[in-house]
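Next come the chains, spelled out residue by residue.
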Amino acid sequence: GGRWDTAKAIDTQDAIDPQVAIGPDGNAVVVWTKKTYDDGRANIISNTVWAQRWVNGTWLAATRISAAPAADFFAFSPAAAIDVDGNILVVWTQHATAAPVHSVWATRFAGTSWSAPALRSDGTHTTYEARVAAGAGIFMVVWTQDTSLPDTADPRPNLWAQRYSSTGWGTAEPIGYAVPATGDVAAHPHLSMNASGNAVVVWQQTQDAQVSIAGNRYDAGMTR
C-alpha cells in the first residue's frame, strides 16, 4: 500500500549473511546461513543454508536447502534468483572434512519443492563467491575458481560460468582471462541477466600488480 510494513524476525538462531530475490509477481525468497552446533563435539560449528519464501503476502516456513548439518560441514555465502515463472535457483559455497575444497553447490525450486543439493563446480579446484541471475526460464551462475590445485602458492583465480535452461545444465567454462599469469586474481563478480537470456558479468581483476575492472558478456543469440 505504498509504505513499509513492520519489521519481523525471520530467523533468530545465529543467522548471518542474508540475500534476497524478488520475482515480477512480487513473490520473493530470502536465503541465509545458519550456524548449527554439533551436539557430539562441543564448540564445533557447522553452517547450513536456509531459504524462506514470501508468497501472496505470507511468509512460508523456512527450509534447509543444503545438506544436513554435521561436524565440520560448512555451507555459506548463498545467492538467489527468481525467473519470470517463479522458479528459483540458489547457489552457495560449501566444504567439509571429507571434501575440504570449497565448491559451488546449487538447488532449484520449481513449483512445489526444492531439488536435492548438487555440486556445480569440479570439486577439485577451490571456488569462491558464487552469484546467480535469472532470465525467462534461464539462469546463469558465475563464480571465481582457482586455476591451480589447492595448497599452491599461486592459485590464479579465474571467472567461471554455467548456464541452466529447460534442457538442464550446460557445461561449466572459464570466462575470465584465457591464460591467467602469475599473480593474476579475479575476484568479487557481479552478474545481471535480462529476460532474453543475455548476461553481463563484471569483476575485480589484478594483473601485473594493477587492479582494475574486467567484464564479459553472454549473447544468448550467438551460435557456437
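None of these values were measured; they are calculated from a predicted model. In this convention, every chain numbers its residues from 1, walking through the sequence in written order. Given that this is a predicted model, residues contribute local features only at a pLDDT of at least 70 and side-chain atom pairs are listed and counted only at 80 or more, while totals for whole chains, interfaces and linings are drawn from all residues. With hydrogens and water stripped out, all remaining heavy atoms of the structure feed into the side-chain values.

**Q** Account for the overall build of the chain, with residues named and values stated.
**A** Helix and strand content of the chain: zero helices and 17 strands. Both definitions apply: the radius of gyration is a C-alpha atom measure, and the globule rule equals 2.2 Å times residues to the power 0.38. Since a compact globule built from 224 residues should have a radius of gyration of about 17 Å, the 18 Å found for the chain is in line with a globular shape. Taken along the three principal axes of its C-alpha coordinates, the chain extends 50 × 50 × 35 Å. A buried classification covers 41% of the 224 residues belonging to the chain. Residue contacts are counted whenever heavy atoms from the two residues lie within 4.5 Å of one another. Contacts in the chain between residues at least 24 apart in sequence constitute 39% of all its contacts with a sequence separation of at least 6. We get accessible surface area from the Shrake-Rupley algorithm with a probe of 1.4 Å; when it comes to residues, only the shown protein chains can shield them. When the accessible surface of the chain is summed, it comes to about 11,800 Å², and 54% of that surface belongs to carbon and sulfur atoms. Strands here mean DSSP runs of E at least two residues long; helices mean DSSP runs of H or I at least four residues long; both are numbered from the N terminus. Burial here depends on accessible area, computed with a 1.4 Å probe over protein chains only, as a share of the maximum for the residue type. Under 20% is buried, over 50% is exposed, and the range in between is partly exposed.

**Q** So what's going on with the nonpolar core? Which residues, and what values?
**A** The nonpolar side chains of soluble globular proteins are, as a tendency, buried together. As used in this record, nonpolar core signifies buried Ala, Val, Leu, Ile, Met, Phe, Trp, Tyr and Cys residues forming a set joined through side-chain atoms within 4.5 Å. The biggest cluster of nonpolar side chains holds 16 residues, and the ones touching the most others in it are Val29, Val31, Ile65, Ile88, Val90 and Trp114. Counting residues per element, the ones that place at least two in this core are β2 (28–37), β3 (45–55), β6 (73–82) and β7 (88–96). Excluding residues that lie within four positions of it along the chain, Val29 makes contacts with Gln19, Val20, Ala21, Ala51, Gln52, Arg53, Ala80, Ile82, Ile88 and Trp114.

**Q** Explain the pattern of salt bridges residue by residue, including any values.
**A** Two side chains that carry opposite charge are able to pair once their charged atoms sit near each other. A side-chain nitrogen of Lys or Arg and a carboxyl oxygen of Asp or Glu constitute a salt bridge if their distance falls within 4 Å. Under the definition given, this model contains four salt bridges. The partner of Asp219 in a salt bridge is Arg217, and the shortest N-O contact between them spans 3.6 Å.

**Q** Hey, could you go over the side chain of Ser66 for me, with residue numbers and the actual values?
**A** Looking at where Ser66 falls in the secondary structure, it is placed in the loop between β5 (63–64) and β6. Among the polar contacts made by the side chain of Ser66, one reaches the main-chain amide nitrogen of Val49 at a distance of 2.9 Å. In this view, Ser66 contacts Thr48, Val49, Phe73, Ala75, Trp92, Gln94 and Pro117; residues no more than four positions away in its chain are not counted. In the analysis that follows, any N or O atom pair within 3.5 Å is treated as a polar contact, provided that within protein one partner can donate a hydrogen and the other can accept it, and provided that, for residues neighboring in sequence, both atoms belong to side chains.

**Q** Describe a nonpolar patch on the surface, and please don't skip the residues or the numbers.
**A** Candidates for patches are residues over 30% relative accessible area with no salt bridge; among them, like charges are joined within 9 Å and nonpolar side chains (Val, Leu, Ile, Met, Phe, Trp, Tyr) within 5 Å. Residues Val200, Val202 and Ile213 make up a contiguous nonpolar surface patch of roughly 270 Å² in combined accessible area. In this fold, Ile213 is placed in strand β17 (residues 210–218).

**Q** Residue-level account of the sheet that holds β17, with values.
**A** In spatial order, the strands read β15-β16-β17; together these three strands make up an open sheet with antiparallel pairing. Only two strands of the sheet have a single neighbouring strand rather than two, namely β15 (185–193) and β17. Strand-to-strand twist across the sheet, computed as the mean angle between neighbouring axes with direction ignored, equals 20°. When DSSP finds two or more bridges between a pair of strands, those strands are recorded as paired. By the bridge criterion, seven bridges tie β15 to strand β16 (residues 199–207) in an arrangement that is antiparallel. When the bridges of β16 are listed, Met193 appears paired with Ala199. For helices, the axis comes from a line fit to the C-alpha atoms of the stretch in contact; other axes are also lines fit to C-alpha atoms, and the angle between any two N-to-C directions lies between 0 and 180 degrees.

**Q** Quick one: what's the story with the environment of Val211, residue by residue and with numbers?
**A** Its place among the elements puts Val211 in strand β17. For Val211 and Gly135, which are 76 residues apart along the polypeptide, the C-alpha to C-alpha distance reads 31 Å. Residues contacting Val211, with those up to four places away along its chain left out, are Gln204, Gln205 and Thr206.

**Q** Describe the pairing of β3, naming the residues involved and giving the relevant values.
**A** Each regular strand carries side chains that alternate between the two faces of the sheet. When you tally the buried positions in β3, you get eight out of 11 residues, the bulk of the element. Two strands pair when backbone bridges link them, and β3 and β5 are joined in this way by two bridges, in the antiparallel orientation. Looking across to β5, one finds that Ala51 is bridged to Thr63. Connecting the antiparallel pair β3 and strand β4 (residues 58–59) is a turn made up of two residues, with Asn56 showing a positive phi of about 50°.

**Q** Let's hear about the environment of Gly86: which residues, and what values?
**A** Structurally, the position occupied by Gly86 is in the loop between β6 and β7. Sequence-wise, Gly86 and Phe109 are 23 residues apart; in three dimensions their C-alpha atoms are separated by 8.6 Å.

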